[in-house]
Amino acid sequence: MEFLLEFPALGRRTLSGMKQAVDETFKAFSRTYGEALENFFDPLLQFLIWLEKLLLAAPWPIILLIVGGLSWLGSRSWKVTIGAVAAFVVIGIFDMWEDTMATLAIISVATLVCIVVGIPLGVLMSRSDRTQGIITPILDVMQTIPSFVYLIPVVMLLGIGKVPGLLAVCIYALPPIVRLTNLGIRLVDKDVLEAADAFGASPRQKLLGVQVPLALPNIFAGINQTIMMALSMVVIASMIGVKGLGVPVLRAISNQYLALGLMNGLAIVALAIIFDRVTQSYGKRLQAYRQGHGND
Amino acid sequence: MTETKVSIKNLYKIFGKSPEKMLPLVQKGLSKSDLLDQHNHVLGIDNVSLEIPEKQIQVVMGLSGSGKSTLIRHINRLIEPTGGEILIDGEDVLAMSETQLRELRRKKTSMVFQKFGLLPHRRIGENVAYGLNIQGVPDDEATKRARHWIDRVGLTGYEDHYPGQLSGGMQQRVGLARALATDAEILLMDEAFSALDPLIRFDMQSILLELQEELHKTIIFITHDLDEALRLGENIAILRDGSMIQQGDAQEIVLKPADDYIADFTKDINRAKVIQLRALAKPVAIFDGPTLRGATVLDEALSPLAQAPDQTVGVVNRAGELLGAVTLTDAIEALHG
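Summary of the structure given here. Note that the structure is predicted; figures quoted are calculated from it, not measured.

Notes on the sheet that holds strand β4 (residues 83–88) of chain B
Residues and elements named next belong to chain B.
Okay, so step 1: Here four strands make up an open sheet; going across it, the order is β2-β1-β4-β5 and the pairing antiparallel. A single partner strand is all that each edge strand has here, and the edge strands are β2 (42–53) and β5 (91–92).
Okay, so step 2: Pairing of strand β1 (residues 4–15) with β2, which is carried by eight bridges, proceeds in the antiparallel orientation. Within the sheet, the bridge partner assigned to Thr 4 lies in β2 and is Pro 53.
Okay, so step 3: On the sheet, helix α1 (residues 19–27) packs against β1, β2 and β4 and is oriented at approximately 105 degrees with respect to β1.

Focus: the interface of chain B and chain A
Okay, so step 1: With 23 residues of chain B in contact, the opposing surface of chain A contributes 21 residues.
Okay, so step 2: Only α4 (98–108), β6 (109–112) and α6 (130–135) of chain B provide two or more residues apiece to the side of chain B that touches chain A.
Okay, so step 3: In terms of residues, the side of chain B that touches chain A owes the most to one element, α4 of chain B, which gives four residues.
Okay, so step 4: Grouping the constituent residues of the side of chain B that touches chain A by class yields nine nonpolar, nine polar and five charged.

Brief notes about the sheet that holds strand β7 (residues 186–190) of chain B
Residue and element names in this part refer to chain B.
Okay, so step 1: The strand order β6-β7-β8-β3-β9-β10 describes an open sheet built from six strands, whose pairing is mixed. Here the strands that pair on one side only, and so sit at the sheet edges, are β6 and β10 (243–248). Here the strands of the sheet are splayed against their neighbours by 20 degrees on average, with no regard to which way each runs.
Okay, so step 2: As paired strands, strand β3 (residues 57–61) and strand β9 (residues 235–240) are joined by four bridges and run parallel to one another. Among the inter-strand pairings, Gln 58 is bridged to a residue of β9, identified as Asn 235.

What counts as what
- Residues numbered from 1 in each chain as written.
- Chains lettered and ligands numbered in written order.
- Predicted model: local features only at pLDDT ≥ 70, side-chain atom pairs only at ≥ 80, totals over all residues.
- Pairing = 2+ DSSP bridges.
- Helix = DSSP H or I, 4+ residues; strand = E, 2+ residues; numbered from the N terminus.
- Contact = placed C-beta atoms within 7 Å.
- Axes fitted to C-alpha atoms, helices over the stretch in contact; angles between N-to-C directions.
- Nonpolar A, V, L, I, M, F, W, Y, C, P; charged D, E, K, R; others polar.

In structure tokens form, the structure reads like this:
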């Protein structure tokens with residue numbers, strides 16, 4: 001009877017032995033390779049520090065001008081542009097300028113890393129069903145595993161700081177761009193590809209001249225999602241030493257400062273809305289050619 | 001008379017898991033339906049041989065599922081055959097490496113598609129220049145040549161439009177211009193005009209015939225429309241269920257259908273506009289009286305025939321040599337089939 005009521009689990013000793021073995025192995029690994037990994041990520045760290053310093057050192061009117069200019073270039077809409085500049089003005093008035101710049105820096109670098117890694121990965125995935133079969137479950141795990149769980153090995157390997165924070169953000173934000181690049185390329189019209197084949201296009205010419213351009217709206221939707229997910233990681237990243245809007249939020253949680261939490265939270269939301277509107281309308285403009293008329 | 005440009009010999013295409021194993025069975029005479037029932041493989045092309053002469057329009061006709069679109073894709077190897085041979089200018093297409101095949105597709109063949117296959121993100125000018133870009137022709141040269149062909153198909157001024165902004169007929173003109181721009185000797189046209197409505201289809205046929213008069217390309221034209229086949233085709237091949245059932249010119253197809261299937265096909269066409277006097281001419285040693293050219297269709301020949309003495313005319317070829325004579329009775333009988 002007892003056998004049925006209690007699940008026949010492994011003994012406590014066996015289990016703790018196994019856990020210890022895993023921990024020890026990983027610790028040994030991190031002792032051996034930790035420094036090499038840190039060196040590997042050093043250029044990224046330098047870039048992130050440089051961008052953060054640049055954003056902080058630049059006079060605020062110039063930043064406002066750049067924000068307005070980029071919003072206009074992306075969206076070609078006065079509403080979005082004025083909204084973006086106004087949001088930054090309000091952020092500045094409420095004294096969140098420096099944290100916002102730090103957050104902007106890490107989000108930009110994380111998005112850049114995701115694009116550089118994610119698009120080639122998506123292309124690779126679209127090439128063969130087998131690769132897709134291998135990568136898809138990995139992406140699923142990356143998206144569903146609680147962030148705190150992968151923070152443990154990242155922190156064990158690289159300690160606390162900007163780079164582990166960046167890695168944590170990238171792990172969470174990478175999947176959408178990979179998925180949507182893959183999907184976009186797979187959705188390209190077979191008839192158009194056949195035409196490219198019939199004219200003797202090489203695989204490279206097909207990829208760069210037909211598949212990627214036609215997948216671009218989808219790829220852009222992926223970039224948009226990646227930015228959104230990166231922003232949602234800001235608070236968690238601040239737990240392992242990333243500066244920015246997440247730090248005051250974290251402080252607000254532990255001290256029950258409602259106003260502080262709300263203000264910084266809303267600043268993150270404002271950034272998200274600006275990024276979203278600008279990238280979305282840019283993505284829409286990329287498919288202007290689809291809006292045909294005079295079809296019969 | 002003319003050289004063979006493309007030669008297809010004993011071509012087989014079997015779709016399924018292990019086509020190579022099925023090939024010997026099919027070659028021994030296993031039928032299409034037995035192959036499907038017993039082995040779950042589909043016979044796409046069944047022992048087709050076709051000699052396509054250069055500088056002429058070869059029409060391949062058949063209903064949907066007859067394998068005609070599969071057949072044309074074998075010529076530039078968009079589809080790999082299961083067995084057989086394909087020679088272009090005597091060169092074995094099946095023995096070509098990836099690079100040689102790409103070269104063939106770039107320089108020697110070009111293709112027009114039923115669904116146009118235009119690149120929606122490129123403007124009309126860029127679409128027409130596509131084949132040239134692929135070949136690595138410098139941009140300004142490619143643009144110049146593209147413009148020439150855009151003018152020739154009557155789309156001057158549309159260079160900067162996107163395909164989505166054009167009607168179906170105009171899109172297919174772009175498809176035609178794109179195929180012509182590479183100066184390929186062989187033009188593969190897969191149901192190129194089938195998606196267009198009848199009036200525009202007729203216009204496109206006229207454009208093609210007009211261009212062909214000066215370009216003299218080897219054109220392989222796939223269609224399911226007999227009127228189109230008779231209008232365009234100097235040679236017509238008819239496919240059914242993947243096998244070739246008749247080859248010949250329009251006269252032979254209409255006057256001597258190989259079986260009931262083809263006779264059924266030709267039943268509804270306007271015979272007066274297809275049958276030419278040369279097909280009816282009975283040899284005579286000498287003939288003095290009115291003569292007509294051999295290429296005259298019955299529609300135009302009937303009233304001269306009725307007015308001629310004895311209701312008989314002589315038939316002469318382009319050079320004026322006598323081919324034979326035709327009576328009004330012959331003509332009327334031919335009309336009734």
